[in-house]
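Structural description and commentary
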Amino acid sequence: MKVYRILASFLALATVAAFYGCGGSEVANGGSSDQLVITGNDQMRFSPTEFSVEAGSEVTLVFRNVGRMPKETMGHNLAILEQGTDVNGFASAAQRHRDNEHIAPEMEDKVIAATRVLGPGEEETLTFTAPSEPGDFPFVCSFPGHTQAGMVGTMKVE
Ligand SMILES: [Cu+2]
(Lines give C-alpha, C1' and ligand atoms only; values in the text may rest on other atoms or scores of the structure.)
Protein backbone atom coordinates (compact mmCIF):
# COMPACT_ATOMS: atom_id res chain seq x y z
CA MET A 1 0.00 0.00 0.00
CA LYS A 2 1.19 3.45 -0.81
CA VAL A 3 -0.82 4.84 1.99
CA TYR A 4 0.36 4.64 5.51
CA ARG A 5 -1.47 6.01 8.43
CA ILE A 6 -0.60 6.75 11.98
CA LEU A 7 -3.19 7.46 14.53
CA ALA A 8 -3.42 9.62 17.15
CA SER A 9 -2.83 12.80 18.67
CA PHE A 10 -4.32 12.90 22.07
CA LEU A 11 -2.59 9.76 23.17
CA ALA A 12 0.58 10.02 25.13
CA LEU A 13 3.79 10.16 23.17
CA ALA A 14 4.79 6.93 24.79
CA THR A 15 1.84 5.22 23.21
CA VAL A 16 2.76 6.54 19.83
CA ALA A 17 6.33 5.48 20.37
CA ALA A 18 5.11 2.01 21.20
CA PHE A 19 3.27 1.95 17.91
CA TYR A 20 6.37 2.84 15.99
CA GLY A 21 8.29 0.30 17.97
CA CYS A 22 6.10 -2.66 17.23
CA GLY A 23 4.75 -1.71 13.85
CA GLY A 24 7.96 -1.91 11.92
CA SER A 25 6.82 1.00 9.82
CA GLU A 26 9.23 3.30 8.13
CA VAL A 27 7.85 6.70 8.92
CA ALA A 28 8.61 8.10 12.30
CA ASN A 29 9.67 11.30 13.91
CA GLY A 30 13.40 11.55 13.98
CA GLY A 31 13.68 9.68 10.72
CA SER A 32 15.87 10.74 7.86
CA SER A 33 16.40 14.46 7.79
CA ASP A 34 15.75 14.83 4.10
CA GLN A 35 12.23 13.52 4.46
CA LEU A 36 9.65 15.80 2.94
CA VAL A 37 7.06 16.62 5.59
CA ILE A 38 4.19 19.03 5.16
CA THR A 39 1.92 19.95 8.00
CA GLY A 40 -1.59 21.36 8.11
CA ASN A 41 -2.99 23.16 11.14
CA ASP A 42 -6.13 24.54 12.76
CA GLN A 43 -5.44 27.92 11.14
CA MET A 44 -5.94 26.27 7.74
CA ARG A 45 -2.34 26.66 6.67
CA PHE A 46 0.17 24.32 5.14
CA SER A 47 3.79 24.49 6.19
CA PRO A 48 5.83 24.78 4.14
CA THR A 49 3.70 26.23 1.37
CA GLU A 50 6.32 25.47 -1.24
CA PHE A 51 8.60 22.55 -1.95
CA SER A 52 10.69 21.41 -4.88
CA VAL A 53 11.08 18.03 -6.51
CA GLU A 54 13.14 16.79 -9.40
CA ALA A 55 11.22 16.18 -12.63
CA GLY A 56 10.35 12.55 -13.07
CA SER A 57 11.68 11.54 -9.68
CA GLU A 58 10.04 9.26 -7.17
CA VAL A 59 8.68 11.46 -4.38
CA THR A 60 7.78 10.45 -0.86
CA LEU A 61 5.88 13.07 1.05
CA VAL A 62 4.43 12.91 4.54
CA PHE A 63 1.39 15.02 5.24
CA ARG A 64 0.63 15.53 8.90
CA ASN A 65 -2.37 17.20 10.51
CA VAL A 66 -0.84 18.96 13.52
CA GLY A 67 -4.10 20.59 14.58
CA ARG A 68 -6.29 19.66 17.53
CA MET A 69 -9.76 20.40 16.24
CA PRO A 70 -12.05 17.50 15.31
CA LYS A 71 -11.86 15.99 11.87
CA GLU A 72 -15.53 16.73 11.23
CA THR A 73 -14.98 20.48 11.42
CA MET A 74 -11.26 20.85 10.73
CA GLY A 75 -10.13 17.86 8.70
CA HIS A 76 -7.34 18.33 6.18
CA ASN A 77 -6.19 16.60 3.06
CA LEU A 78 -3.39 17.41 0.66
CA ALA A 79 -4.09 17.11 -3.03
CA ILE A 80 -1.39 17.89 -5.60
CA LEU A 81 -2.98 19.02 -8.83
CA GLU A 82 -2.04 19.26 -12.47
CA GLN A 83 -0.45 22.46 -13.64
CA GLY A 84 -2.97 25.18 -14.36
CA THR A 85 -5.84 23.61 -12.42
CA ASP A 86 -8.37 26.15 -11.19
CA VAL A 87 -7.91 25.47 -7.48
CA ASN A 88 -11.07 27.24 -6.38
CA GLY A 89 -13.11 25.36 -8.96
CA PHE A 90 -11.54 22.12 -7.82
CA ALA A 91 -12.36 22.92 -4.19
CA SER A 92 -15.93 23.96 -4.95
CA ALA A 93 -16.57 20.71 -6.77
CA ALA A 94 -15.01 18.79 -3.88
CA GLN A 95 -17.24 20.31 -1.27
CA ARG A 96 -20.10 17.84 -1.45
CA HIS A 97 -17.91 14.76 -1.80
CA ARG A 98 -17.20 13.99 1.79
CA ASP A 99 -17.64 10.29 1.06
CA ASN A 100 -14.80 10.52 -1.47
CA GLU A 101 -12.31 12.30 0.83
CA HIS A 102 -13.44 15.64 -0.60
CA ILE A 103 -12.26 14.92 -4.11
CA ALA A 104 -14.88 15.31 -6.84
CA PRO A 105 -14.84 12.09 -8.88
CA GLU A 106 -15.16 14.05 -12.12
CA MET A 107 -11.97 15.93 -11.27
CA GLU A 108 -9.80 13.01 -10.26
CA ASP A 109 -7.93 13.40 -13.55
CA LYS A 110 -6.55 16.66 -12.15
CA VAL A 111 -5.04 14.88 -9.16
CA ILE A 112 -1.39 13.85 -9.23
CA ALA A 113 -1.56 12.53 -5.68
CA ALA A 114 -3.84 13.08 -2.71
CA THR A 115 -4.21 11.95 0.85
CA ARG A 116 -7.50 11.14 2.48
CA VAL A 117 -8.94 13.66 4.92
CA LEU A 118 -6.96 13.46 8.15
CA GLY A 119 -8.06 14.21 11.68
CA PRO A 120 -5.87 15.77 14.39
CA GLY A 121 -2.58 14.01 14.90
CA GLU A 122 -2.96 11.80 11.87
CA GLU A 123 -0.53 11.57 9.00
CA GLU A 124 -0.33 9.87 5.68
CA THR A 125 2.57 9.18 3.35
CA LEU A 126 2.19 9.75 -0.36
CA THR A 127 4.46 8.18 -2.92
CA PHE A 128 4.22 9.32 -6.49
CA THR A 129 6.26 10.08 -9.57
CA ALA A 130 6.87 13.78 -10.11
CA PRO A 131 5.69 15.21 -13.42
CA SER A 132 8.29 14.96 -16.16
CA GLU A 133 8.01 18.58 -17.20
CA PRO A 134 9.23 21.40 -14.96
CA GLY A 135 6.77 23.95 -13.66
CA ASP A 136 4.61 24.98 -10.74
CA PHE A 137 1.94 22.59 -9.58
CA PRO A 138 -0.62 23.69 -7.01
CA PHE A 139 -1.53 21.70 -3.95
CA VAL A 140 -4.62 22.32 -1.87
CA CYS A 141 -6.65 21.15 1.06
CA SER A 142 -10.09 20.53 -0.43
CA PHE A 143 -11.93 20.23 2.88
CA PRO A 144 -14.87 22.64 2.52
CA GLY A 145 -13.76 26.25 2.71
CA HIS A 146 -10.07 25.58 3.20
CA THR A 147 -8.73 26.27 -0.28
CA GLN A 148 -10.72 29.48 -0.31
CA ALA A 149 -9.29 30.39 3.09
CA GLY A 150 -5.78 30.05 1.72
CA MET A 151 -4.86 26.46 2.49
CA VAL A 152 -2.86 26.14 -0.71
CA GLY A 153 0.73 25.74 -1.78
CA THR A 154 3.01 25.09 -4.72
CA MET A 155 5.07 22.10 -5.73
CA LYS A 156 7.93 23.24 -7.92
CA VAL A 157 9.12 20.68 -10.40
CA GLU A 158 12.66 21.42 -11.47
CU1 LIG B 1 -7.75 21.83 5.48
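This report concerns the structure included in the present document.

Cut-offs used in this document
Residues numbered from 1 in each chain as written. Predicted model: local features only at pLDDT ≥ 70, side-chain atom pairs only at ≥ 80, totals over all residues. Heavy atoms only, no water. Helix = DSSP H or I, 4+ residues; strand = E, 2+ residues; numbered from the N terminus. Buried < 20%, exposed > 50% of the residue type's maximum accessible area, 1.4 Å probe, protein only. Contact = heavy atoms within 4.5 Å. Salt bridge = Lys/Arg side-chain N within 4 Å of Asp/Glu carboxyl O. Core = buried A, V, L, I, M, F, W, Y, C linked by side-chain atoms within 4.5 Å. Donors = N, O, S within 2.8 Å, 3.2 Å for Na, K, Ca; no water. Tetrahedral: all angles 85-135°; square planar, octahedral: opposite > 155°, others 65-115°.

**Section: the overall build of the protein chain**
- Broken down by element type, the protein chain carries 3 helices and 10 strands.
- From first element to last, N terminus to C terminus, the protein chain shows the α and β order β-α-β-β-β-β-α-β-α-β-β-β-β.
- Residues classed as buried in the protein chain amount to 42% of the 158 residues present.
- The long-range share in the protein chain, meaning contacts at least 24 apart out of those at least 6 apart in sequence, stands at 71%.

**Examining the pattern of salt bridges**
- Scanning the model with the defined rule gives 5 salt bridges in all.
- The partner of glutamate 106 in a salt bridge is arginine 96, with the nearest N and O atoms 3.9 Å apart. Taken together, the residues glutamate 106 in the loop between helix 3 (87-94) and strand 7 (111-114) and arginine 96 in the loop between helix 3 and strand 7 connect sequence positions 10 residues apart.
- Residue arginine 96 is classed as exposed on the basis of its relative accessible area of 60%.
- Measuring nitrogen to oxygen at the nearest pair gives 3.4 Å for the salt bridge that ties arginine 116 to glutamate 124.
- Classification of arginine 116 by relative accessible area gives buried; the value is 14%.
- Residue glutamate 124 is classed as buried on the basis of its relative accessible area, which comes to 2%.
- One continuous salt-bridge network, built from bridges that share partners, spans Arg116, Glu122 and Glu124.

**Focus: the nonpolar core**
- With 23 residues, the main nonpolar core has Phe51, Leu61 and Leu78 as its most contacted residues.
- In terms of residue count, strand 5 (residues 58-65) provides more of this core than any other element does, 3 residues in total.
- Once you skip the residues sitting within four places of it in the chain, leucine 78 turns out to touch Ile38, Phe46, Leu61, Phe63, Ala113, Ala114, Thr115, Leu126, Phe139 and Val140.
- Membership of the second largest hydrophobic core comes to 8 residues, among which are Leu81, Ala93, Ala104 and Val140.

**Some thoughts on the coordination of the copper ion**
- Note on the copper ion: its protein donors are His76 (ND1), Cys141 (SG), His146 (ND1) and Met151 (SD). The metal-donor distances range over 2.0 to 2.6 Å.
- Note that the copper ion binds 4 donor atoms; their angles at the metal cover 86 to 131 degrees, and the shape is tetrahedral.
- Of note, the donors binding the copper ion are all from one chain and are spaced H-x64-C-x4-H-x4-M. Separated by 75 residues along the polypeptide, histidine 76 in the loop between helix 2 (71-74) and strand 6 (79-81) and methionine 151 in the loop between strand 9 (135-140) and strand 10 (152-157) bring together distant segments of the chain.
- Residue classification places histidine 76 among the buried positions, given a relative accessible area of 0%.

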